[in-house]
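What follows is each chain in one-letter form.
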Amino acid sequence: MPPTTLPAWQALLAHQREVAPLHLRDLFARDPQRFDRFSLEAAGLFLDYSKNLITAQTLPLLCRLAQEAGVTRKRDAMLAGERINFTENRAVLHTALRNRSARPVPVDGQDVMPEVRRVLAQMREFAEGVRSGALRGHTGKPYTDVVNIGIGGSDLGPQMVCEALEPYGDRLRAHFVSNVDGAHLARTLKRLDPQTVLFIVASKTFTTQETLANARSARAWLQERLGAESAVGRHFAAVSTNLQATAAFGIPPERVFAFWDWVGGRYSLWSAIGLPIALYIGMDRFEALLAGAHAMDEHFATAPPERNLPVILGLLGVWYIDFWGAGSHAVLPYDQGLLRFAPYLQQLDMESNGKRIDSAGSEAAQHTGPVVWGEPGTNGQHAFFQHLHQGTRWTPADFIVPARSHYPLGEHHAMLLANCLAQTQALMLGKTREQVRAELAAQGLDGDALARLAPHKEFPGNRPSNTIVLPQLTPAALGSLIALYEHKVFVQGAIWDVNSFDQWGVELGKQLAGRILDDLRAGTVSPAHDASTAGLLHALTRAGSAPGST
Ligand code: F6P
């Protein structure tokens, strides 16, 4: 059912007109309980959502929308292993991968948990073998470097987590190669010793062009340097649902880690796709990451909507996108470890909800997923925060901040925290023309000079944000944070009635690239191409783009 036809949708349209003239400054001044009313702690995370364009009536109305859209029913269907990914006829069970309870999780009547536990045990044995030096390379040296070769969900999640949990990375160095641009692999290999490197080829399908090209080139590099075909078995492992293809690549079965079609690529870091994480921080800490996510799953599954963190974040997003016209959403972690969090969320959110067709096959009558973007603070402050504070468009933002740092260096962390809170405060309060005039007058300005400068120094404020506080960026807190966003994305997809678990939108480009590659290989330009593609091919050929050219 299109959400726009639901009674709550209509009620929210009317409610938005009531809230639009209000200013957050006044809402805070009027209600001393606002922070208590609009903040919440669960699964180790604290959420302050008081700086949103909402009144006491807004959340109940949004929760009514969730209820009318069947969010709870859809959530329960996902957790029960129903085939909710209806365009691929698959269940969606990343929650089973981090199920730390004894509850079975059935798909078509078959409990998936024994298989999940089997692969976790296999990961543990392998990770411990590599980390302890019991498993070694072809020439007998212990491994020092792990190179994950994968792209999209087979790269972004493990890469983001390894970056975030760097303080726990105690034995091996982790590298990630994703781009088919040869520079990515070549620049990584330059720094490595073939005798001590372990490649993990990570691909759900094991058909992804970029990953296979990088894996083949890495294999050739290794063979050339170690001089033996048999070295491949000692220096490669694979993670995939396609076990035939991994065998064809020459990876011995004991170094192949399986996962299943009910794990979406962008939801797969909890599966064996997380192997580089387990190698980097150890299996106990990988399991702590799973436990953190499980705690959020339990919260999502049981808390009432108005006390449910992912539901609240999801509903607030829908509120801004569909009732206020926001087109993008900023993610601003005040933690250098979360350097790769925004790129990770881009795939999670934009590949899940960047959809325009609903479950009935009709074009959506409202907007769906936003553009997700961001950078860690304080760097972002010196780049795009100007736009956040004074641009003509406003962007709802999530600020994410740990109370404690892993690197307590002088006053650095206090400065980081102060900047984070100051930015949310500035976005919310703004600075009025009167305040600006008074400040300028105090600096000795008056007359025309003051009048000319004042509007430029004014901040409209009333720009919404959430603040998510973690005690510290630990494996458990990170697991909970990632699961929070996964479920937020789920809630939004459920309201918009789109399939958040397919990604047909990535297929056309792949198909067309195949045809263009044929031309580039043959040095021809097919007459079937449009004039722009043909013209570009000619221009590239003139500039020396033949395969193998430098
Ligand atoms: O092209 C998009 C995509 O299919 C993503 O959804 C996926 O995470 C990525 O490619 C990698 O796919 P695979 O793990 O099968 O190599």
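Residues numbered from 1 in each chain as written. Predicted model: local features only at pLDDT ≥ 70, side-chain atom pairs only at ≥ 80, totals over all residues. Heavy atoms only, no water.

Draft legend 1. Broad picture of the site of the ligand. What surrounds the ligand is a group of 13 residues, the closest being Gly153, Ser154, Ser203, Thr205 and Thr208. The side chain of Ser203 places a nitrogen or oxygen atom 2.6 Å from an oxygen atom of the ligand. At 2.7 Å from an oxygen atom of the ligand is found a side-chain nitrogen or oxygen belonging to Glu351. Here the shell around the ligand is built from residues that sort into 2 nonpolar, 8 polar and 3 charged. (Near = heavy atom within 4 Å. Polar contact = N/O pair within 3.5 Å; in protein donor to acceptor, adjacent residues only side chain to side chain. Nonpolar A, V, L, I, M, F, W, Y, C, P; charged D, E, K, R; others polar.)

Draft legend 2. Broad picture of the packing of aromatic side chains. The full count for this structure, using the stated rule, is 22 aromatic pairs. Pairing Phe199 with Trp221 gives two aromatic rings, centres 6.1 Å apart and planes at 90°, and the pair type is edge-to-face. Taken as a pair, Phe199 in strand 7 (residues 197-202) and Trp221 in helix 10 (residues 209-226) lie far apart in primary sequence, 22 residues in all. Residue classification places Phe199 among the buried positions, given a relative accessible area of 0%. Arranged with centres 6.3 Å apart and planes meeting at 35°, the rings of Phe490 and Phe501 form a pair that is tilted. Here Phe501 lies in the loop between helix 21 (475-496) and helix 22 (507-522) and Phe490 lies in helix 21, a separation of 11 residues in the sequence. For Phe490, a relative accessible area of 6% gives the class buried. Through a chain of ring-to-ring contacts, the aromatic side chains of Trp9, Trp319, Tyr320, Phe323, Trp324 and Trp394 assemble into a single cluster. Sitting over the ring of Phe300, Arg75 keeps its end group 5.9 Å from the ring centre. (Phe/Tyr/Trp six-rings, centres within 6.5 Å; stacked < 30°, edge-to-face > 60°. Helix = DSSP H or I, 4+ residues; strand = E, 2+ residues; numbered from the N terminus. Buried < 20%, exposed > 50% of the residue type's maximum accessible area, 1.4 Å probe, protein only. Lys NZ or Arg CZ within 6 Å of the ring centre and 35° of its normal.)

Draft legend 3. Summary view of the environment of Gly479. Inspection of the secondary structure assignment puts Gly479 in helix 21. Classification of Gly479 as buried rests on a relative accessible area of 0%. On a C-alpha basis, the gap between Gly479 and Ala291 in space is 7.2 Å, while along the polypeptide they are 188 residues apart. Not counting chain neighbours up to four residues away, the residues in contact with Gly479 comprise Trp270, Leu289, Gly292 and Ala293. (Contact = heavy atoms within 4.5 Å.)

Draft legend 4. Fine view of the side chain of Lys488. Within the element layout of this structure, Lys488 appears in helix 21. Asp398 provides the closest opposite charge to the buried, unpaired Lys488, separated from it by 4.4 Å. The residues touching Lys488, leaving out its near neighbours within four places in the chain, are Pro310, Leu313, Gly314, His329 and Asp398. (Lys, Arg positive; Asp, Glu negative; His and termini not counted. Salt bridge = Lys/Arg side-chain N within 4 Å of Asp/Glu carboxyl O.)

Draft legend 5. Structural view of the pairing of strand 5 (residues 145-149). Among the 5 residues in strand 5, 5 count as buried, and that is most of the element. Residues of strand 5 alternate between two faces, with Asp145, Val147 and Ile149 on one and Val146 and Asn148 on the opposite face, all of them buried. Relative to strand 6 (residues 173-177), strand 5 runs parallel, the two sharing 5 bridges. Counterpart to Val147 in the pairing with strand 6 is His175. Handedness of the crossover joining strand 5 and strand 6 through helix 8 (residues 156-164) is recorded here as right-handed. Where strand 5 lies against strand 7, 5 bridges are found, and the strand directions are parallel. Looking at strand 7, one finds that Ile149 is bridged to Val201. (Pairing = 2+ DSSP bridges. Right-handed = clockwise from strand over helix to strand, strands pointing away.)

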